[in-house]
Structure formats: structure tokens, C-alpha cells
Amino acid sequence: MRCVMTRKTAAAGIRVLAGAACGLLAAAVALGLAELLAGITGPGGSPVVAVGGAVIDLTPVPVKDFAIAHFGSHDKQALLVGIVVLLTVAAMTAGVLTLRRRRAGLAILAVFGAAGVTAALTRPGASVSDAIPVLAGVAAAAFTLMVLCRTAMAAFPAARTGSSAARPAAGPDPGIPAADGPGRRRFLIMGTASAAAAAASGVAGQVLAGRFSVAASRARVRLPAPAVPAPAVPSGTMLPVPGLTPFFTANDSFYRVDTDLVLPQVAPESWTLRIDGMVARPAEITFAELLRMPLTEADITLVCVSDEVGGPYAGNARWLGVPLAALLRRAGPRGGADQVLSAGADGMTISTPLTAILDGRDALVAVGMNGQPLPVAHGFPARMVIPGLYGYVSATKWVTRLTLTTFARQRAYWTQRGYAAHAPVKTESRIDIPRPLARIPAGRVTVAGVAWAPARGIAAVEVRADSGPWHTARLAAADGTGTWRQWMWAWDATPGLHQLQVRATDSTGATQTPREAGVFPDGASGWDSVVVTVT
Ligand SMILES: Nc1nc2c(c(=O)[nH]1)N[C@H]1C(S)=C(S)[C@@H](COP(=O)(O)O)O[C@H]1N2
Ligand SMILES: [Mo]
């Protein structure tokens, strides 16, 4: 009896595994086909991209802050892993259910299909054709699921229930299914074929998607020389300290923050910038026209509101672009407008106070970053940069539209989610070396980092050990007021555990507040500190 029960349990276990495999294979075929079709209709049709994008937009702010704080720039990979895990579990469940009740498996498919279609059709810039990949994928999944499950049922027949105990007959127990060699072989072949089809179409989709890349267009862009070059960078903006954040951030190490799972591919040939809303002369400017306007070069430090005290989301670059003020004046802002609502090709909206654009600071529609056309990840072909305002209220990448309006009438993406409408960058300073929890020999120790108060400028940085007296740090030369400044201080370190702290004072005389605040709703505050062991 025990032996019979074990064999029955084993047979049931194999059936569950086979069902799970059917579900997984059906999902793989669906996703592969959808990627293939999205390679033709455009990246917006990829269900993973569409659903992922919808999840990003629907994610409550605290969860998003948690993700940025804990996964950093890998927040998107974390989301994709989450989606894959969820899909895997659902697909396996659908497969197992289908072996018992076909309708149950199909119902799960329908739910995921509906979510996929809804997401694909509601993404910014979506067209009706973006629903095709999901719909075709769902149909392929249903077909694969039915065919595979039928094969699986033949290969691994279900045990008949309630038989053997009641009927202790001689001979093989009729409740135990007979091994079906050919059936299993057929199941194996069909499963392998499905997996191969899924992989091949997925890879083909990736290859096709390469057609949408603007890398070649970007390589052809020739940036004109600036009409207004940046003033020469004074000598001494770089302190001779190994390990210190470089004054200019290289393009490929510049932090990236946006809500996009796949980077918008915006071709300069078809890009235009619309200027509308409360203006006398609405306009639409092509990329060629933009490049013919007088360009200004400016060094500007960009900071993200999601940067925790001591965090990495700040970078400094030399930007080349058309002054926003010139563009707006051409269009003629009407009285009463107090906001520029800009939009990116990814659907992002960003609201900027008109006063910040017109007050004489270097507010740009930038086309160049550190001597190169903008990298795609940083807004190619054009983006906004404004010193002194966090990126979410100033730095629209892939910018396609500037609408003059009022704060009373319109709210932008992050302000709809509770972030402050007015968000000047807080005066901040950061200790880069020594690293937190470093073990260092006693004696002279260089403490160094960067400090920023873009648009105001840094006037002083002070450092202290173990809450002792503040010491004035040596400041690197200032390159205008729009950029960060390096600082360093020589510390006579004695053995033991020590805490180092830093604070900056900006050129208005305001000293960085010790009051600790998180990034929500208008940027983190407090003093950066590191704890080190001196031996
Ligand atoms: N189109 C678009 N522009 C955007 C964003 C975005 O999600 N989409 N994110 C903003 C935020 S929050 C920041 S901090 C800066 C970051 O610019 P970077 O990625 O070039 O560093 O871009 C801003 N511009
Ligand atoms: Mo940001």
C-alpha cells in the first residue's frame, strides 16, 4: 500500500511539474512573439516595457523612494526582476490549473492580456498598433497552452481516485497510470520546439528593435561653436586629492534618473520643439533651426531631488545650448504666465517657475554635454538644464514642448505625486574621502569632498571631528556659481573611532541646515558624516 501511494504521489508530482512547464513555455512563446512584433510596431508595444512603464507611473511615492534608495540606478532592473518573478509564478499556476480545468488557465491568461493591452494603449504616445504584440502574444499563449497541456495529459495521465484502497485486487493497480513512452517523447519534443520558437522570436525582436536606435543619427550631428563660450575654467578647480570626485563628470559616469525602462529614441531629423500656451506667437522649431540660433556654453551642476545627504545623484558638465529666455521671448510670453510646463518624448512633464528662466541664470535648451551631442540617456537630441533647481523641476530630457501656463492651472508629473512645485537645490556638502568605515593610520589625513549650491555658489565649507570645533576647509577655485566646488581639510587623526562631519555655507550667507530631512517632498537636508577607525 505505502509503495502504491508513493508511486501515485510521484505521478501526481510529475503532472504538476509538466503543467508548470506548459504554462512557462506558453508565457515564453507569448513574450517572444510580442517582442518580435514590437520590433516591427515599435518599442511601445513590448508588453514588458508597457507594463513596466505603467507600474512605474502607478508606484506610490514612498515605494519609489525606497527603490531609488535601495536599488539606486538599478531600480529598473529590480522592477524587471519583479515582473519576471510575478509572470513566472502566474504562468506556472496557469499551466497547472489548465491540466485540471482549461477555463481556469485561460482566465489567468485573459487577465494578464487585459493588463498588457491596457498598459500598451495608455502609455504616453501610444498608438492603436501598440496593442498588436500583446494581443498576438495572448493568442499564441492560449494556443501553446492548449496544445502542450493536451500532450502533457496524454503523456502523464491522471491517477484515478478512490480505487485501490476499496478494491484490493490482484495485478497492477488500475489507479496507477501506465508509463506512456511515446507520449512523453512527444511532450518533450513539443516543449523543446516551443522554447526554441520563444527564444528565436525574442532574439529577432531585439535585432529588429535596433532599427529604432538613433545612434547613427547622433553620430552625424555636428555641434556648432558657441556664440557665447563658457568663461575659461580657472586653474585650481581640481584639488590634487586622489579619490576625490572629479570637477567635471564624464558623460558615461554621469548619474541617470528617469522613469523610462527603454530609452526614448528621438531622431533629430524629425524632432521639433513646440512653444505654445500663453504666448503671443506660438512656434515650432526644428533641430536644424535650433542649431542655427546663437548657442551659449555653461558649466552647470545638476542635482536630483532623490539624492540623500551624501548621495551620488549629482554631476557637473559643460553644457551647450540655446538660452531658454531667448526662445521664450521670441514667442512672447503673455502677462499672467508664471510656469513653463515642459514635456519630454517619454511623456514626462516638468514645471519650472518662469522667473527662474528669465532671471539671467544660464537656463538652456541644451544640445551638447562635455563637447559631445547629448548622450541618448541624457536627453538626445535636446534637453533643458537650469542651474539651481532640482532635475524634476528643470531638466527635461528629450524635450519636445514648452507650454507657458500657471501653477494654479497645471501640475507636472512629480508635483501630481506630492513633490514640491518649487524646489531650489538645497545647499549641500559631501565627504568623498575617507570612505565610510575606512581604517586609516594615525597622523595627517586628507578629508575631502564636494559642496554645491547651484545658482548661489559656495562661499565656505567647514569640517569637524567628533562634534569638536568647526575647521574651515580649503576650497578649490570657483567656476562661476552654477557648479559644485571641491574642498579639502588636513586632519590630525589620533587612534580610535572618529566621526567626521561637513557643512557648507552658500554665497547668500546661509549655512547648510543640520535638520535632517528625507528626499520627499523637496530634497534631503542634514550634514553628511562618516565614521572611520584610526589605528
Ligand atoms: N523626459 C524626462 N526628463 C527628465 C526625467 C524623466 O524621467 N524624463 N527625470 C528628471 C530628473 S528627476 C532628473 S534628476 C534629471 C536627471 O538627468 P540625468 O539623467 O541626465 O542626470 O532629469 C530630469 N528630466
Ligand atoms: Mo531627479
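All values derive from a computational prediction rather than experimental measurement.

Judged by how many residues are buried, strand 5 (residues 339–344) sits mostly within the fold: 6 of 6 residues are covered. Burial along strand 5 is two-sided: the residues Gln 339, Leu 341 and Ala 343 and Val 340, Ser 342 and Gly 344 are all buried. For strand 5 and strand 6 (residues 349–353), the ladder comprises 5 bridges, and the chain directions are antiparallel. Each residue of the ladder has a partner; that of Ala 343, found in strand 6, is Thr 349. Count of turn residues in the strand 5/strand 6 antiparallel hairpin: 4 residues, of which Gly 347 carries a positive phi of about 90°.

Time to look at the sheet that holds strand 13 (residues 443–452). Taken in spatial order, the 4 strands line up as 11-13-17-16 in an open sheet, and their pairing is antiparallel. Each end of this open sheet is capped by a strand with a single partner; those strands are strand 11 (428–433) and strand 16 (474–475). Bridge count between strand 13 and strand 17 (residues 485–493): 9 bridges; the pairing is antiparallel. Residue pairing for strand 17: Arg 444 is matched across the bridge by Asp 492.

Here the focus is the nonpolar core. Residues Leu 290, Trp 319, Leu 327, Val 365, Tyr 392 and Leu 402 are the most contacted members of the largest nonpolar core, which totals 78 residues. Setting aside chain neighbours within four positions, we find Tyr 392 in contact with Val 305, Ile 350, Trp 414, Tyr 419, Ala 420, Ala 423 and Pro 521. Formed by 22 residues, the second largest nonpolar core is a distinct cluster that contains Ile 431, Val 447, Ile 458 and Val 532.

Our focus in this paragraph is the domain arrangement of the protein chain. Domain parsing of the protein chain yields domain 1 (2–162 + 176–212), domain 2 (251–417) and domain 3 (428–534). Each of domain 2 and domain 3 was reduced to a C-alpha centroid, and the two centroids are 30 Å apart. Facing 21 residues of domain 2, the contacting portion of domain 3 comprises 19 residues. Roughly 1,500 Å² of surface becomes buried between domain 2 and domain 3 when both sides are summed, with 60% attributable to carbon and sulfur atoms. Contact with domain 3 buries area across many residues of domain 2, yet Asp 299, Thr 301 and Val 309 alone supply 32% of it, more than any other trio. At the junction of domain 2 and domain 3, the tally comes to 0 salt bridges. Inspection of the region where domain 2 meets domain 3 yields 3 residue pairs in polar contact (both at pLDDT 80 or more). Listed by contribution, the elements that provide at least two residues to the side of domain 2 that touches domain 3 are strand 3 (296–303) and strand 4 (314–323).

Procedures and definitions
Residues numbered from 1 in each chain as written. Chains lettered and ligands numbered in written order. Predicted model: local features only at pLDDT ≥ 70, side-chain atom pairs only at ≥ 80, totals over all residues. Heavy atoms only, no water. Buried < 20%, exposed > 50% of the residue type's maximum accessible area, 1.4 Å probe, protein only. Helix = DSSP H or I, 4+ residues; strand = E, 2+ residues; numbered from the N terminus. Pairing = 2+ DSSP bridges. Core = buried A, V, L, I, M, F, W, Y, C linked by side-chain atoms within 4.5 Å. Contact = heavy atoms within 4.5 Å. Domains from an automatic or database assignment. Buried area = accessible area lost by both parts, 1.4 Å probe. Salt bridge = Lys/Arg side-chain N within 4 Å of Asp/Glu carboxyl O. Polar contact = N/O pair within 3.5 Å; in protein donor to acceptor, adjacent residues only side chain to side chain.

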